[in-house]
Amino acid sequence: MATPVPAKRGKKPRAAAPAASAATGQVQSLTRGLKLLEYIAEAHGNVALTDLAQQAGLPNSTTHRLLTTMQQQGFVRQVGDLGLWTMGAHAFVVGSSFLQSRNLLAMVHPTLRRLMEESGETVNLAVLDTSEYQAVIIDQVQCTALMRMSAPIGGKLPMHASGAGKAFLATLSDDQVTKLLHKKGMQTYTVHTLTPHNLKEGLAQIRKQGFSFDDEEHALGLRCVAACIFDEHREAFAAISISGPVSRITDDRVTELGALVIHAAKEISLEYGGVR
């Protein structure tokens, strides 16, 4: 016959389940609130509570409670007779601190290294100098091949005859491009440097496919693909390019490398400027 064991005195079992449940509820509320902020921001104006509730898949009462909490903290506010919801000033204050703390080189350099490893070619980061309207190389990860592209940091790239330069030009209208090139001129670097007419056709192709292609237009034997990075104002301010010899950047690799720079540029645009 088993002898019953008396219960120990002094310690009570912990109420672990309610605590865990409460923690989960707090995280869920935070996630829902942040999602509502995103929906309001994406609306680019004022949005009704019922629309927000529908987007979030929440009851109107839950949505209103979350919005009221965020309103008390200044992240959202109600406007107009209909009580529509819009972003509050505190959301700007918090968001603007990101603009002050971001570091382009620190943010992008790991991506340049990854692209070099994926492509086997030299990868560059160029920024747009709006005062002179030219592309300037500010970072580079060279490949390990004996024959490789090597441009100095601070080197300037012609707008009409380089991957980064043409990527920037493609973000402008045809009239803007014409005025700019009339002012800057179109120096011929190789037999492949484009004429004004061919450049216009090329820019239309860049806008369609999402990346630019320098086919020995700046230097014989050198090819380059590039795509623009956009800031929070949706303006192109930098570009990532992959450069290498014609012997390795063959015709059948151009689209593959173009896809790599497009993907990388989109990632950085999202991380740097929040642009999708």
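The present account deals with the structure reproduced in this document. It should be emphasised that the depicted structure is a prediction, and the values quoted were computed from it without experimental measurement.

Examining the overall build of the chain
When helices and strands are tallied, the chain shows nine helices and eight strands. When the 276 residues of the chain are sorted by exposure, 41% land in the buried category. Contacts in the chain between residues at least 24 apart in sequence constitute 56% of all its contacts with a sequence separation of at least 6. For the chain, the accessible area works out to roughly 16300 Å², and carbon and sulfur atoms hold 56% of it.

Considerations on the side chain of Thr-111
Assignment of secondary structure puts Thr-111 in helix α5 (residues 104–119). Once residues within four sequence positions are removed from consideration, Thr-111 is found in contact with Ile-240, Ala-264 and Ile-268.

Quick word on the sheet that holds strand β3 (residues 122–129)
Strands sit in the order β5-β4-β3-β8-β7-β6 across an open sheet of six strands; the sheet is antiparallel. The strands lining the two open edges of the sheet, one partner per strand, are β5 (156–157) and β6 (212–215). Pairing between strand β4 (residues 134–141) and β5: two bridges, direction antiparallel. Within β5, the position partnered with Ala-135 by the bridge is Leu-157. In this fold α5 packs onto β3, β4 and β8 (236–245), with an angle of close to 70 degrees to the strand it touches most, β4.

Quick notes on the nonpolar core
Residues Leu-125, Ile-229, Ile-240 and Ile-242 are the most contacted members of the largest nonpolar core, which totals 29 residues. Those elements that place two or more of their residues in this core are α5, β3, β4, β7 (222–230), β8 and α9 (251–273). Of all the elements, α9 adds the most residues to this core, at eight residues. Excluding anything up to four places from it in sequence, Ile-229 contacts Leu-125, Glu-235, Ala-236, Phe-237, Ala-238, Ala-239, Ile-240, Ala-265, Ile-268 and Ser-269.

Thoughts on the packing of helix α2 (residues 49–56) against helix α3 (residues 60–72)
At a minimum axis separation of 9 Å, α2 and α3 run at an interaxial angle of 105 degrees. With respect to α3, the element α2 is oriented roughly perpendicular. Contacts between α2 and α3 involve Leu-49, Thr-50, Leu-52 and Ala-53 from the former and Asn-60, Thr-63, His-64 and Leu-67 from the latter.

Quick notes on the side chain of Ser-243
Summarising the element assignment, Ser-243 is placed in strand β8. Leaving out residues up to four positions away in the same chain, Ser-243 has contacts with Glu-121, Thr-122, Asn-124, Met-149, Leu-222, Arg-223, Cys-224 and Ile-249.

Structural notes on unusual backbone geometry
Phi at Glu-216 takes a positive value of approximately 60 degrees, unusual for a residue other than glycine. At Arg-234, a residue that is not glycine, the phi angle is positive and equals roughly 60 degrees. Mapped onto the secondary structure, Arg-234 falls in the loop between β7 and β8. Given the relative accessible area of 55%, Arg-234 is considered exposed.

Considerations on the packing of aromatic side chains
Within this structure, the stated rule accounts for one aromatic pair. Relative to Tyr-272, the ring of Phe-237 lies with its centre 4.9 Å away and its plane at 25 degrees, an arrangement referred to as stacked. Within this pair, whereas Phe-237 is found in strand β8, its partner Tyr-272 is found in helix α9, the two being separated by 35 residues in sequence. Judged by relative accessible area, Phe-237 falls into the buried class, the value being 17%.

Thresholds, definitions, all that
- Residues numbered from 1 in each chain as written.
- Predicted model: local features only at pLDDT ≥ 70, side-chain atom pairs only at ≥ 80, totals over all residues.
- Heavy atoms only, no water.
- Helix = DSSP H or I, 4+ residues; strand = E, 2+ residues; numbered from the N terminus.
- Buried < 20%, exposed > 50% of the residue type's maximum accessible area, 1.4 Å probe, protein only.
- Contact = heavy atoms within 4.5 Å.
- Areas by Shrake-Rupley, 256 points an atom, 1.4 Å probe, with all protein chains shown as cover.
- Pairing = 2+ DSSP bridges.
- Axes fitted to C-alpha atoms, helices over the stretch in contact; angles between N-to-C directions.
- Core = buried A, V, L, I, M, F, W, Y, C linked by side-chain atoms within 4.5 Å.
- Parallel < 35°, antiparallel > 145°, perpendicular 65-115°, else oblique.
- Phe/Tyr/Trp six-rings, centres within 6.5 Å; stacked < 30°, edge-to-face > 60°.

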